[in-house]
Amino acid sequence: MYDKQVRRRRAVLLALVACCLVLLTAYFGESSGGPLKSIQTGAMEVVAPVQEGANRALKPFRDLFGWFGDTIDAKDERDRLEAERDALRQQVARLQDAERENAELRDMVDYARGSGLDAYAPVAARVYSRSFSSWYETIEINKGSSDGLAKDQPVINGKGLVGKVKTVSDGNAVVMLLSDPEFGVSARAARSGQSGSVLPVAGSPGDLLFDLVPEAKKVKTGDTIVTAGTISDRLPSPFPQGIPIGSVKRIEGEGELDRTIHVDPFADLRELDFVQVLTKPTADLRATAGTP
Amino acid sequence: MTWNATSIGRLFAIGLVGGILQLTTVSQVAVFGVPADLSPLLVATVGLLCGSIAGASFGFGMGLFMDTLLAQTLGVTSLVLLAVGYGAGRLRELRDPAHGLVPVAVGAAATAVAAIGFAVLQFLLGVDAPVSLLLIRQILMTIVLNTLLALPVYLACRRVLAPFLPDDPRRRRRRAYTTGGLSPLSRA
């Protein structure tokens, strides 16, 4: 009797482990439209309404926890915001002056290119679920291909770039965040114009690297990093140029080759309630998303 | 554990509700910068209450559910949670621990095994990530948070599964002591 129980236990364990290994191998081996991924997308679509309903129903509990955290952090945040307000006042004065000059220059060269995010046909979506692992930084949103969403379209919020669409089904989509290990975007420093790539630091959530910069010395702490858009017609970027990504937080290393530029994203990737998907990210338009 | 359609249905409900709660609420509430992770706690609790086969099967199912809903590589979370459930179940079968804080210790150990196991599997699968201090801090903070949540999760699951469980060791001993020959009152 005891032997039978032991044999049964071991058989179940072996069968489950074998199932896991078969799933892993099959998932890695198949293409993006393979049967397992199709089943996964179908299951997500089935559960999505339940998740969205639960997300709305449980929002008061999340807000309650958020209130405790906000109260604790309020004083520090007030001091920080006061300092930031003073800095922004000066910046606004400088920008107003620059805006006037800019308008004059635009008139001079008859630079009548349209601006504004409306040109990219943004679709607002509610975030109803997010991953909790550092290895897959994704969120799920309640808009899908029936709303015009497609794979690789850029996703933004009021502060800047959030990520891009990873997979999409009829009524919902999974968005890969900036901090996902698989994410990458061509970018440039707004002040110096140095171009490079913004990549996540895997295993360090909230930390991004501005890498592959030809003249990294020209990039300074505090510089704003924006998307570069399409540089070559052969390799069109899915991201329009000029979307704010983040600001240079710190620079490590002295030499040209070992210089590591860390970027702090503008968008708070841990607190996303609504995002916008740019469904027509025509790369030759200039986005004028406001920098924070 | 009494196995019938109702008990299996309750286990299924625990997994479904726990999984959706994790994805829609718990994962969005960050304490000390990290969210808690209910899945290893639920799996360890089921293992501790129902045994190794139930723990391993529940872990496999829970992992598959999470991987599916988060569009992750299928099988990774299942493999990790399967080990957690089986380990917790074997602990119960071999030791039958009766101390009230056992769920807390098991919850902490389950979270550590799940977090480290998941990281190791990701490294083995080729994710090029440095073992940063931030990652270690995040794992430690998740363990601390889950340790705090372990007892409420255990009590909630035990309440749901109570009609199908044998008496727990403490209650069994207390009853033997007060009603049977072990009581000093009975010698008087």
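The rules behind these values
- Residues numbered from 1 in each chain as written.
- Chains lettered and ligands numbered in written order.
- Predicted model: local features only at pLDDT ≥ 70, side-chain atom pairs only at ≥ 80, totals over all residues.
- Helix = DSSP H or I, 4+ residues; strand = E, 2+ residues; numbered from the N terminus.
- Buried ≥ 20, exposed ≤ 12 C-beta atoms within 10 Å, placed from the backbone.
- Contact = placed C-beta atoms within 7 Å.
- Core = buried A, V, L, I, M, F, W, Y, C linked by C-beta atoms within 7 Å.
- Nonpolar A, V, L, I, M, F, W, Y, C, P; charged D, E, K, R; others polar.
- Axes fitted to C-alpha atoms, helices over the stretch in contact; angles between N-to-C directions.
- Parallel < 35°, antiparallel > 145°, perpendicular 65-115°, else oblique.
- Left-handed = near helix turned anticlockwise from the far one by under 90°.
- Pairing = 2+ DSSP bridges.
- pLDDT = per-residue confidence, 0-100.
- Expected span 1.5 Å × (residues − 1).

A closer look at the overall build of chain B
Helix and strand counts for chain B come out as 7 helices and 2 strands. Walking chain B from its N terminus toward its C terminus, one meets helices and strands in the order α-β-β-α-α-α-α-α-α. Buried positions account for 48% of the 188 residues belonging to chain B. If you take every contact in chain B between residues at least 6 apart in sequence, the share linking residues at least 24 apart comes to 76%.

Let's talk about the overall build of chain A
Assigned secondary structure in chain A consists of 3 helices and 12 strands. Burial statistics for chain A: of 292 residues in total, 34% are counted as buried. Considering only contacts within chain A whose residues lie at least 6 apart along the sequence, 61% involve residues at least 24 apart.

Observations concerning the nonpolar core
Of all hydrophobic cores here, the largest spans 107 residues; its most connected members are A:Val162, A:Val175 and A:Val275. Dropping the residues within four chain positions of it, A:Val175 is found in contact with A:Thr138, A:Ile139, A:Ile141, A:Val155, A:Val162, A:Gly163, A:Lys164, A:Val165, A:Lys166 and A:Val275.

Brief notes about the environment of A:Ile141
Residue and element names in this part refer to chain A. Mapped onto the fold, Ile141 is located in strand β2 (residues 138-141). Residue class for Ile141 comes out buried when judged on the 28 C-beta atoms lying within 10 Å of it. Between the alpha carbons of Ile141 and Glu52 there is a distance of 9.0 Å; along the sequence they are 89 residues apart. Leave out the neighbours within four places in its chain, and Ile141 touches Ala125, Arg126, Val127, Asn172, Ala173, Val175 and Val275.

Some details on the interface of chain A and chain B
The partner chain B presents 40 residues to the 42 residues of chain A that form the contact. At the level of secondary structure, the elements contributing two or more residues to the side of chain A that touches chain B comprise α1 (2-29), α2 (35-57), α3 (59-109), β1 (122-130) and β4 (161-168) of chain A. Per element, the largest residue contribution to the side of chain A that touches chain B is 11 residues, and it comes from α1(A). Within the side of chain A that touches chain B, the residues separate by chemical class into 26 nonpolar, 11 polar and 5 charged.

Some words on the packing of helix α1 (residues 5-24) of chain B against helix α2 (residues 38-50) of chain B
Residue and element names in this part refer to chain B. The interhelical angle for the contact between α1 and α2, taken along N-to-C directions, is 165°, at an axis separation of 9 Å. As the angle between them shows, α1 and α2 are arranged roughly antiparallel. Of the two elements, α1 crosses α2, and the hand of that crossing is right-handed. Each of Leu11, Ile14, Gly15, Gly18, Leu21 and Gln22 in α1 lies in contact with α2, whose residues at this interface are Leu38, Ser39, Leu42 and Val46. A breakdown of the residues in the contact of α1 with α2 according to their chemical character gives 6 nonpolar, 4 polar and no charged.

Overview of the pairing of strand β5 (residues 173-177) of chain A
Residue and element names in this part refer to chain A. Burial analysis of β5 places 5 of its 5 residues in the buried class, which makes it a mostly covered element. Where burial is concerned, the two faces of β5 agree: the one with Ala173, Val175 and Leu177 and the one with Val174 and Met176 are both buried. Across 4 bridges, the pairing between β2 and β5 is antiparallel. If you follow Glu140 over to β5, its bridge partner there is Val174. In this structure, β4 lies alongside β5, joined through 5 bridges in antiparallel fashion. The residue bridging Gly163 from the neighbouring strand is Leu177, located in β5. The antiparallel pairing of β4 with β5 creates a hairpin that spans 4 residues between the two strands.

Brief notes about the confidence of the model for chain A
Residues and elements named next belong to chain A. Put simply, chain A has an average pLDDT of 81, and 86% of its residues get 70 or more. Mean pLDDT across the elements of chain A ranges from a minimum in α3, with 77, to a maximum in β5, with 92. Contacts of residues 285-292 to residues separated by more than four positions or lying in other chains number 26 contacts, the stretch itself having pLDDT below 50.

A closer look at the sheet that holds strand β6 (residues 185-189) of chain A
In space, the 6 strands of this closed barrel follow the order β6-β7-β8-β11-β10-β9 (chain A), with antiparallel pairing throughout. The mean angle between the axes of side-by-side strands here comes to 40°, regardless of whether they run parallel or antiparallel.

Re unusual backbone geometry
Positive phi, normally seen in glycine, also occurs at A:Leu212, with a value near 60°. Turning to its location among the elements, A:Leu212 is positioned in the loop between β8 (208-211) and β9 (224-227). A residue is classified by how many C-beta atoms lie within 10 Å of it, and A:Leu212, with 14 of them, is partly exposed. The residue B:Ala71 is not glycine, and still its phi comes out positive at about 55°. Inspection of the secondary structure puts B:Ala71 in the loop between α3 (52-69) and α4 (76-95).

Describing the confidence of the model for chain B
Detailed reading of the predicted model is not advised wherever pLDDT is low. Residues and elements named next belong to chain B. For chain B, the average pLDDT comes to 85, and 86% of its residues sit at 70 or higher. Considering each helix and strand of chain B separately, the mean pLDDT is smallest for helix α7 (residues 169-179), with a value of 56, and largest for α2, with 94. The complex prediction reports pTM at 0.64, with the ipTM value standing at 0.81.

Description of α2(B)
All names here are of chain B. Taking 1.5 Å as the rise per residue, α2 with 13 residues should run 18 Å; its terminal C-alpha atoms sit 18 Å apart, in good agreement. Along α2, 13 of the 13 residues are buried, which leaves the element largely enclosed by surrounding structure. Gly51 lies just past α2 and shows a positive phi near 110°.

A few points about the sheet that holds β5(A)
Residue and element names in this part refer to chain A. If you trace the 6 strands once around the closed barrel, you get β1-β2-β5-β4-β3-β12, paired in antiparallel fashion. Each strand axis lies, on average, 45° off the axis of its neighbour in the sheet, ignoring direction. Here β1 runs beside strand β12 (residues 274-278); their pairing, made up of 5 bridges, is antiparallel. When the bridges of β12 are listed, Pro122 appears paired with Leu278.

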